[in-house]
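Chain residues, written in single-letter form:
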Amino acid sequence: MSPQQLSPSVRRVAVVGGARIPFARSDGPYATASNQQMLTAALDGLVERYGLQGPGAVGEFVAGAVLKHARDFNLARETVLGSALHPSTPAYDIQQACGTGLQAVIAAANKIALGQTDSAVAGGADTASDAPLGVNDSLRRILLEVRRAKSPGARLKALAKVRPGHLVPDIPRNAEPRTGLSMGEHAAVTARARGIARAAQDELAAASHQRLAAAYERGFFQDLVVPFRGLARDQNLRPGSTVEKLGTLKPVFGLDHPDPTMTAGNSTPLTDGAATVLLASEEWARERGLEPLAYLTAYETAAVDFVGGDVAGGEDGLLMAPAHAVPRMLERAGLGLDDFDLVEIHEAFASQVLATLAAWEKRGLGTVDRARLNVAGSSLATGHPFAATGARIVATLAKLLAERDAPARGLISVCAAGGQGVTAILERA
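The following refers to the structure shown.

**Brief notes about the state of the cysteines**
Here is step 1 of the chain: Applying the stated criterion across every chain, the model contains 0 disulfides.
Here is step 2 of the chain: Here Cys415 is not cross-linked by a disulfide; its sulfur's nearest cysteine counterpart is in Cys98, at 6.4 Å.
Here is step 3 of the chain: What makes Cys415 buried here is its relative accessible area of 2%.

Below, the structure written as structure tokens:
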């Protein structure tokens, strides 16, 4: 499309609704479910709820996964072909670690804003249960040598190099390639640098469970969550969580330093799940009698040097990029933290949320009233299927804003592996 063909003005992008399956702990109810099966279930829920069957019902589908098998190379398109969405719907994959779901939303929103499509579905899925196992790299090299061999003798000579140790598969690790440290260990470094206390982490984790439980009890998720494989609620939810109970858990990260503070209770578990969001222009929604929940009005991404930057000081920790992205986004939008009725921070770890809040305050953005933070619970309670989290948060926040009688504004902050962060603003006129 040439510049002359672009819409002369940027259109507002509406968040019409969302659908996800309940999130499950890894190796549990979804142990045999693939990314495609979970994503299809979430997408089908959205299609049914908003009547998206038929040719041209949706302009395109964009989604991704972080842990992908080779068979998932065309995950979004294969999901469309196996879903109730019409086979003529274009689809493509996107991936930015834990920011994948939100980046999928942004990618779809940009096309709608520019008039390149009128509607789109964005989302993501991840399974820690059905993680791909790679061929041992030494064995891979031998097999390639066998393939290149020109004679039976040369092939046998190459195969003779195989040793028992070569048969051990490469299993995906939750570790940064450039440091060898897991995300939890990186978060522990930042927690120490920022002086994040154990009690504060447990308090935030308990609140996440209690608020998610309350949201389910009042029926908030009735039109957002689609039952799947025997689950109707997020499996990780512990309604009875308290600071006292969480305080009995032993630390699991940062054990190489005195007084570690991060436990399984104030960290997200490995999780399986999928989520989708329906986005559209105002005109598209109006023609179908659909009331937008909110509008996506701004977004920003950032990255930090978590290898050579100010890691010891807490400024450039692996999960601190939102501390840089949000100030830039707010400056561009002419807003401050006080202008937001609701704030959604992805809870990879309680310490990371608290470190982000402290960084925003240090940068002069002010403080976030805890009564406005993750009011329907977040990742510590729901779990965190990497690529699904962004779509979950967008749909949840949009509905929370729509529940308010007056105009309202919400902030989204998602940290991601590789020292990245994706942030966005939703508004309800």
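Still more to cover.
**Here's the deal with the pairing of strand 8 (residues 271-281)**
Here is step 1 of the chain: With 11 of its 11 residues buried, strand 8 lies for the most part within the structure.
Here is step 2 of the chain: Here 7 bridges tie strand 1 (residues 13-20) to strand 8, and the two strands are oriented antiparallel to one another. Among the inter-strand pairings, Gly17 is bridged to a residue of strand 8, identified as Leu278.
Here is step 3 of the chain: Where strand 5 (residues 119-126) meets strand 8, 8 bridges bridge the pair, whose relative direction is antiparallel. Bridge assignment links Asp126 to a residue of strand 8, and that residue is Gly273.

**Focus on empty space enclosed by the protein**
Here is step 1 of the chain: Taken as a whole and assessed by the stated rule, the structure comprises 1 cavity of 30 Å³ or more.
Here is step 2 of the chain: Space inside the largest cavity adds up to approximately 50 Å³.
Here is step 3 of the chain: In terms of lining, the largest cavity is formed by Gly18, Ala19, Arg20, Phe221, Leu224, Ala275, Thr276, Arg392, Ala395 and Thr396.
Here is step 4 of the chain: Of all the elements in the fold, those that place two or more residues in the lining of the largest cavity are strand 1, strand 8 and helix 13 (389-402).
Here is step 5 of the chain: Grouping the constituent residues of the lining of the largest cavity by class yields 5 nonpolar, 3 polar and 2 charged.

**What about the packing of helix 6 (residues 183-194) against helix 11 (residues 350-362)?**
Here is step 1 of the chain: The geometry of helix 6 relative to helix 11 is characterised by a closest axis approach of 9 Å and an angle of 45° between their N-to-C directions. Judged by the inter-axis angle, helix 6 sits oblique to helix 11. Considering the relative orientation of helix 6 and helix 11, their crossing is left-handed. Touching Ala187, Thr190, Ala191 and Arg194 of helix 6 are Ser351, Ala355, Ala358, Ala359 and Lys362, all from helix 11.

**Describing helix 13**
Here is step 1 of the chain: Along its 14 residues, helix 13 runs 20 Å from first to last C-alpha, staying within 8% of the 20 Å computed at 1.5 Å per residue.
Here is step 2 of the chain: With 13 of 14 residues buried, helix 13 lies mostly within the body of the structure.

**Points about the environment of Asn35**
Here is step 1 of the chain: Locating Asn35 in the fold gives a position in helix 1 (residues 35-50).
Here is step 2 of the chain: For Asn35, a relative accessible area of 1% translates into the label buried.
Here is step 3 of the chain: Linking Asn35 and Gly124, residues 89 residues apart in sequence, is a C-alpha distance of 8.7 Å.
Here is step 4 of the chain: The residues contacting Asn35, other than those within four sequence positions of it, are Ala65, Leu67, Lys68, Asp72, Leu75, Ala125, Asp126 and Thr127.
Here is step 5 of the chain: Side-chain polar atoms of Asn35 contact the backbone oxygen of Leu67, separated by 2.9 Å.
Here is step 6 of the chain: A polar contact is formed between the side chain of Asn35 and the side chain of Asp72, at a distance of 3.4 Å.

**Considerations on the packing of aromatic side chains**
Here is step 1 of the chain: Applying the stated rule across the entire model yields 4 aromatic pairs.
Here is step 2 of the chain: Their ring planes at 90° and their centres at 5.9 Å tell us that Phe253 and Phe349 sit as a pair that is edge-to-face. Highlighted residues: Phe253 in strand 6 (residues 251-253) and Phe349 in the loop between strand 10 (342-345) and helix 11, separated in sequence by 96 residues.
Here is step 3 of the chain: Owing to a relative accessible area of 5%, Phe349 belongs among the buried residues under this scheme.
Here is step 4 of the chain: Residue placement shows Arg12 over the ring face of Tyr295; its charged tip is 3.6 Å from the ring centre.
Here is step 5 of the chain: We note Arg20 situated over the ring of Phe221; from NZ or CZ to the ring centre the distance is 5.5 Å.

Rules behind the numbers
- Residues take numbers from 1 onward in each chain, read along the sequence in its written order.
- Given that this is a predicted model, residues contribute local features only at a pLDDT of at least 70 and side-chain atom pairs are listed and counted only at 80 or more, while totals for whole chains, interfaces and linings are drawn from all residues.
- Side-chain measures were taken over the full set of non-hydrogen atoms in the model, leaving aside hydrogen atoms and water.
- Cysteine sulfur atoms that come within 2.5 Å of each other are treated as a disulfide pair.
- Here's how the labels work: a residue is buried when its accessible area is under 20% of the maximum for its type, exposed when over 50%, partly exposed in between, all with a 1.4 Å probe on protein chains only.
- Strands here mean DSSP runs of E at least two residues long; helices mean DSSP runs of H or I at least four residues long; both are numbered from the N terminus.
- Criterion used throughout: strands pair if DSSP finds at least two bridges between them.
- Buried and open spaces are told apart on a 1 Å grid over the protein atoms alone, a cavity being a set of points where a 1.4 Å probe fits but cannot get out and a pocket being an open set with protein on both sides within 12 Å along at least five of seven lines. Residues with an atom within 4 Å of a point are the lining residues.
- Grid points are joined across faces, edges and corners, and a volume is the space filled by probe spheres set on the points.
- Only Asp, Glu, Lys and Arg are considered charged, only Ala, Val, Leu, Ile, Met, Phe, Trp, Tyr, Cys and Pro nonpolar, and every remaining residue, Gly among them, polar.
- Lines fitted to C-alpha atoms define the axes, with helix axes restricted to the stretch in contact, and inter-axis angles between N-to-C directions lie between 0 and 180 degrees.
- To sort the angles, those under 35 degrees are grouped as roughly parallel, those over 145 as roughly antiparallel, those from 65 to 115 as roughly perpendicular, and the leftovers as oblique.
- Should the near helix be turned anticlockwise from the far one by less than a right angle, the crossing is termed left-handed; should it be turned clockwise, right-handed.
- Contacts are assigned to residue pairs with any non-hydrogen atoms lying within 4.5 Å of each other.
- To estimate the expected span of a helix, subtract one from its residue number and multiply by 1.5 Å.
- Definition of a polar contact: a pair of N or O atoms within 3.5 Å, with one able to donate and the other able to accept a hydrogen when the atoms are protein atoms, and with sequence-neighbouring residues admitted only if both atoms are side-chain atoms.
- Centre distance within 6.5 Å is the pairing criterion for rings of Phe, Tyr and Trp, where only the six-membered ring of Trp is used; planes under 30 degrees apart are then read as stacked, over 60 as edge-to-face, and the remainder as tilted.
- Note on criteria: charge over ring means Lys NZ or Arg CZ within 6 Å of the ring centre, with the direction from the centre no more than 35 degrees off the ring normal.

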